[in-house]
Amino acid sequence: MTGAGQFGLIVAVIGLAGTAAVLSNRLSARLSVPAPAFFLVAAVVVAQLWPRAAALPATTVERVVTVALAIILFDGGMHIGWRRFRTAAVPIVWTGIAGTLVTAAGTAVAAHLVAGMGWHLALLVGTAVAATDPAVVFSVFGRREIAGRTGVLLEGESGANDPVSIALLGSLLAAHGGAGSIAWHVLGEFALQMAVGTAIGAAGGFALLAFMRRVPLPSEGLYSPRVLAGALVIFGVATFAQGSGFLAVLVAGILIGDEPAPYKREIERFHSSLASLAEIVAFVMLGLTMRLSQLGSGSAWTAGLALAALLTFVIRPVLAGLVSLPVRLTVRERAFFLWTGLRGAVPILLGMAIVESGTPGAARAYQVIFVIVGFSVTVQGGLVPALAKRLRIPLRSIEPEPWSLGVRFSEEPEGLHRYHVAAGSAADGSAIGDLPCREDVWVSVIIRDGVLVTADGETTLQADDDVLVLADPDETSALERFFTS
């Protein structure tokens, strides 16, 4: 076979693998198993049957997955947005930091007692698996979205504890000396990474937003890549400044999420698609680093499954449950929140960092972490929809809208807003004439179940309606309260 023919065959195989990965989301929705589970398992099987396909340098895998996670966190921040984040900002920060620390400590104790690891290695493993993955959590629901404060808290905690775990593990790997000096070094490095990451993320987010709004580009297709490039700049600058680049892009995404900007809807769709691709790439590349024959050695299976069961049924429910007590949740919401702390790509990436550090016993620790993640995305993740139904957690269906009707403006339309009628809000069941604003307000479009509804003063709004409103900017606050629960 010629060189060109061989290259074409490789491209075709990659394309077929990508198509299978995309179609696996249909299987995921049918079986209620997170799509990342299929990516991970398929990659492990390929690595076992075709070892040459898995001959990737560890450094390459780490760098590619790191960039993929940065893209996923930036998109997650934009999905949350500042308006949603501020409704649960304190609980998100509290559970993201304190919940991660206690989960890491509890898992470290279990790894020492159950898996027989030394204290240092056990602490590294506990820190690695303390992070949860928002992409895994929400891939379970497919076209459904967790409504209310629980969904915001889950998304926010999953996004916040990734930078916390990554920063904490980096501090632990860099610490040397006695117990006292190690503790102070870890605390100082951790605080530095969090502070620098937050500061650069906030500054970079505001700068990028101003850049998006004030600097026009000659082509519509350039606006989305510009935002991506800006997010990568924020990540790189924060990392270079010894801060958490992951926290920086998350903060920047949150600040940009709700703000209007030219071609904002196209930018959001671009980054959502890119984040889905990044998720596939991350799990496939991480899966290629493991072989089934490796898992069968050194009691990795038994130790990993034992730790996974303890983490799922004891450590997170008890320790993270105690941390979440100050958070205002019902018993059902709290139970669902504690169960849906699913592990994903970040623990495996951190496991690779442990191996790269040369810590004694790191190879077995990586295998144990891999088993924990596999258990979490398949068994624990597969039970999430059934638990949500059992606990009667409110889920909002998001039907696909392949057809769009849009209006373009050369300048930003002042006072034009799109609102979603939340169930139980003042707008739910109210007529348009009851809007809390002056008579000059104009409701131009109502979208209900994907269909346009005629709007007049007598039209009654219903939950899940999308409403396009033109009103005086001074009345924005009153309208937001009217449409939100």
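Residues numbered from 1 in each chain as written. Predicted model: local features only at pLDDT ≥ 70, side-chain atom pairs only at ≥ 80, totals over all residues. Heavy atoms only, no water.

**A few points about the sheet that holds strand β5 (residues 451-453)**
Right, so step 1: Pairing within the open sheet is antiparallel, and its four strands lie in the order β3-β6-β4-β5. Every interior strand has two partners, whereas the edge strands, β3 (416-420) and β5, have only one. Pairs of neighbouring strands in the sheet enclose a mean axial angle of 25°, with direction left out of account.
Right, so step 2: With five bridges joining them, β3 and strand β6 (residues 466-470) adopt antiparallel strand pairing. The residue of β6 that forms the bridge with H420 is D466.
Right, so step 3: Set on the sheet, helix α18 (residues 476-483) makes contact with β3 and β6; between it and β3 the angle comes to about 20°. (Pairing = 2+ DSSP bridges. Helix = DSSP H or I, 4+ residues; strand = E, 2+ residues; numbered from the N terminus. Axes fitted to C-alpha atoms, helices over the stretch in contact; angles between N-to-C directions. Contact = heavy atoms within 4.5 Å.)

**What about the pairing of β6?**
Right, so step 1: Two strands pair when backbone bridges link them, and strand β4 (residues 442-448) and β6 are joined in this way by five bridges, in the antiparallel orientation. Paired with I447 across the two strands is D466, which belongs to β6.

**A look at the nonpolar core**
Right, so step 1: Counting 117 residues, the largest nonpolar core has V65, L69, F74, M117, F336 and I354 as its most contacted members.
Right, so step 2: A per-element tally of this core places helix α3 (residues 58-87) first, with 12 residues.
Right, so step 3: Aside from chain neighbours lying at most four places away, what touches M117 is A111, H112, A122, V125, R364, A365 and V368.
Right, so step 4: Judged by nonpolar contacts, the second largest core, of 14 residues, contains Y419, V421, L435 and F483. (Core = buried A, V, L, I, M, F, W, Y, C linked by side-chain atoms within 4.5 Å. Buried < 20%, exposed > 50% of the residue type's maximum accessible area, 1.4 Å probe, protein only.)

**Looking at helix α9 (residues 223-240)**
Right, so step 1: Between its first and last C-alpha atoms α9 spans 26 Å; for 18 residues at 1.5 Å apiece the expected length is 26 Å, and the two agree.
Right, so step 2: Within the span of α9, buried status applies to Y223, S224, R226, V227, L228, G230, A231, I234, F235 and A238.
Right, so step 3: Following α9 by one or two positions, Q242 adopts a phi angle in the positive range, close to 65°. (Expected span 1.5 Å × (residues − 1).)

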